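Letter by letter, the chains look like this.
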Amino acid sequence: MPPPSEIDRLAQRILALARRGPIFYYDILRELRDEDYRAIMLAFGQIRQQQLFGRDDKGCYVLAETGREEGAKA
Amino acid sequence: MDLRAFLTDLEKAGELIRIRRPVDPRHISALTAQSKKGVYFEKIRGYDMPVVAGLVGTMDRLAVGMHAPKGAIGRRVSEAVQKPIPPEVVKEGPCQDVVLTGTEVDLTRLPLPLQGEIDGGPYISAGMTIAKDPEYGRNAGFYRFMYNDPTHLGIGLTGPSDLRLFYQRALSAKRPVPMAVAIGTHPSDMVAVTYKAPVGYDELAIAGGLWGEPLELVRCKTIDAEAPANAEIVLECEILPTGFTVDEGRFGEFTRFVGELVQMPLVEVKAITHRRDAIFQVIHMPWENIVLDVPVYEAIAWNILTTAGIEATAINVTTGGCGQFHVVAAIKKRGGEGKNAVLALLSAASFKYAVVVDEDIDIFDPDQVEWAIFSRVQADRDVIIVPGARAKPLDPSLPPAKPPALPLGAKLGIDATIPEYAYKERYTTITYPFINDVKLEDYLD
Ligand SMILES: Cc1cc2nc3c(=O)[nH]c(=O)nc-3n(C[C@H](O)[C@H](O)[C@H](O)COP(=O)(O)O)c2cc1C
Ligand SMILES: [Mn+2]
């Protein structure tokens, strides 16, 4: 089981991806192809639990609320 | 009989490949899609649990599992529905070799694959779901579960199912629904729970009916529900009374199209129990879902025709019609019954296309069905179109309907039986002289 700091690091990477634009889970797996699959699931789970993700109508993950505006600016 | 017995049967039939090299969990779906056989992934990188996927990807493989020719499975299911055998609760079972509770509950211990590019995340696709309602008792079905976080899943309570009814009752009483999710089960049991029995009817009794003996269950450790004793893995869960509030999907459906994003209830996992050397099962979409549906909808068609007093000799719910939408039936026709059979079959909400032929046609051979349509049908007399009937929402050709309005669709029926007025001599087929007197093999070196 990866340590909490590792999960935080991955969560930040996933959020950075979403800041660039809407992403599917597939995009996370592709962009983080060298990272551990299970650690990605844990990081994704942490983001979901903290409700940092919303969804667009295509089903992509986008940054929730304030996050979404930042994403649009980027 | 359990998943392992099925794996042995598949291997004997040459319908299983074993991949011994380590596989990245990212590649489970693609490798399964490329395989013409069921796949046993012995080593998934980062996990100590093997994965099996695509096991019931064809009707032939389902037939191997059910120990019956593929044309006979639907009828057996309809007989089991008439002769159910209730399950039996036993003291212990291998599915509880290992019990994980409290902080040990972590869904990321399981190698959940991402099945489709558009899917909302990794899914549990082989979840046999056994729930309880204080009034209606036990109910079993198959539901998809999207990974949300290590202790939570989204559930696809999309259709008007019994479990959805249980949930709506629980929601208004502000209580959770206790539910066991069994992963890694025998295809006979999977077919049984996919059957849409009336609410209050425990589908596990159909599983018993198919085996001819009761299915064994164990009591869950943390919730008031039971699970099949011989499952590989059991998630002991509660559907939380928080309403349809969490985004779930998208997910590649049995229609071969990707379903829409929906708002669904959240499921909390209270315990994970499993066999000591558990195998994680994946239902590879869409084909395994389609194949599991075929006998269920064939059983419905058998029931309908029996009720209508028509003697059917074979029924084929086609995989091209995604196991739910198209039905072909062969009957022993008495005057006019070609039409009666078509009308009866189209009365089921799921069937949008029904073809009825005489018993001489092999309905598992599309060529023969087409030949019957050519030679026995006059469109003005034998084709029935009924507009404005209740339809299944997942058919993308339907005009848009705003929920809660249910979509309306058209039904198409073809009576491809020999017309009553036919001049029989015109239906004389070619036969070869001395066909039974010689054998080609005898003339080959
Ligand atoms: C592999 C598979 C997955 C399924 N997933 C779902 C699902 O997510 N939601 C749903 O409503 N039905 C799903 N179904 C269909 C139900 O299992 C089926 O309609 C069943 O009869 C429902 O049982 P119930 O009404 O007793 O709860 C699935 C079927 C199969 C074979
Ligand atoms: Mn039911």
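Conventions adopted
- Residues numbered from 1 in each chain as written.
- Chains lettered and ligands numbered in written order.
- Predicted model: local features only at pLDDT ≥ 70, side-chain atom pairs only at ≥ 80, totals over all residues.
- Heavy atoms only, no water.
- Donors = N, O, S within 2.8 Å, 3.2 Å for Na, K, Ca; no water.
- Helix = DSSP H or I, 4+ residues; strand = E, 2+ residues; numbered from the N terminus.
- Near = heavy atom within 4 Å.
- Polar contact = N/O pair within 3.5 Å; in protein donor to acceptor, adjacent residues only side chain to side chain.
- Areas by Shrake-Rupley, 256 points an atom, 1.4 Å probe, with all protein chains shown as cover.
- Nonpolar A, V, L, I, M, F, W, Y, C, P; charged D, E, K, R; others polar.
- Axes fitted to C-alpha atoms, helices over the stretch in contact; angles between N-to-C directions.
- Parallel < 35°, antiparallel > 145°, perpendicular 65-115°, else oblique.
- Left-handed = near helix turned anticlockwise from the far one by under 90°.
- Contact = heavy atoms within 4.5 Å.

Draft legend 1. Just the coordination of the manganese ion (ligand 2), in detail. All names here are of chain B. For the manganese ion (ligand 2), the full set of protein donor atoms is Asn139 (OD1), Asp162 (OD) and Glu203 (OE), at a range of 2.0 to 2.1 Å. Every donor residue of the manganese ion (ligand 2) comes from the same chain, spaced as N-x22-D-x40-E. Of this pair, aspartate 162 sits in helix α5 (residues 162-172) while glutamate 203 sits in the loop between α6 (187-194) and α7 (204-211), placing them 41 residues apart in sequence.

Draft legend 2. Main features of the site of ligand 1. Residues and elements named next belong to chain B. Surrounding ligand 1, one finds 20 residues, the nearest of these being Asn139, Phe142, Tyr143, Gly156 and Asp162. The separation between an oxygen atom of ligand 1 and a polar side-chain atom of asparagine 139 is 2.8 Å. Within the side chain of glutamate 203, a nitrogen or oxygen atom sits 3.0 Å from an oxygen atom of ligand 1. For ligand 1, the accessible surface in isolation is 640 Å², of which the surrounding protein chains cover 90%. Mapped onto the shell around ligand 1, the elements with two or more residues apiece are β7 (137-149), α5, α6 and α8 (287-307). Sorting elements by how many residues they give to the shell around ligand 1 places β7 first, with six residues. Among the residues making up the shell around ligand 1, the classes are represented as eight nonpolar, eight polar and four charged.

Draft legend 3. Fine view of the packing of helix α1 (residues 3-12) of chain B against helix α3 (residues 59-66) of chain B. All names here are of chain B. Close contact between α1 and α3 brings their axes to 9 Å; oriented N to C, the two are set at 120 degrees. The orientation of α1 with respect to α3, classified from their angle, is oblique. For the pair α1 and α3, the crossing hand works out as right-handed. Along its contact with α1, which presents Phe6, Asp9 and Leu10, the element α3 presents Arg61, Val64 and Gly65. Taken together, the residues of the contact of α1 with α3 break down into three nonpolar, one polar and two charged.

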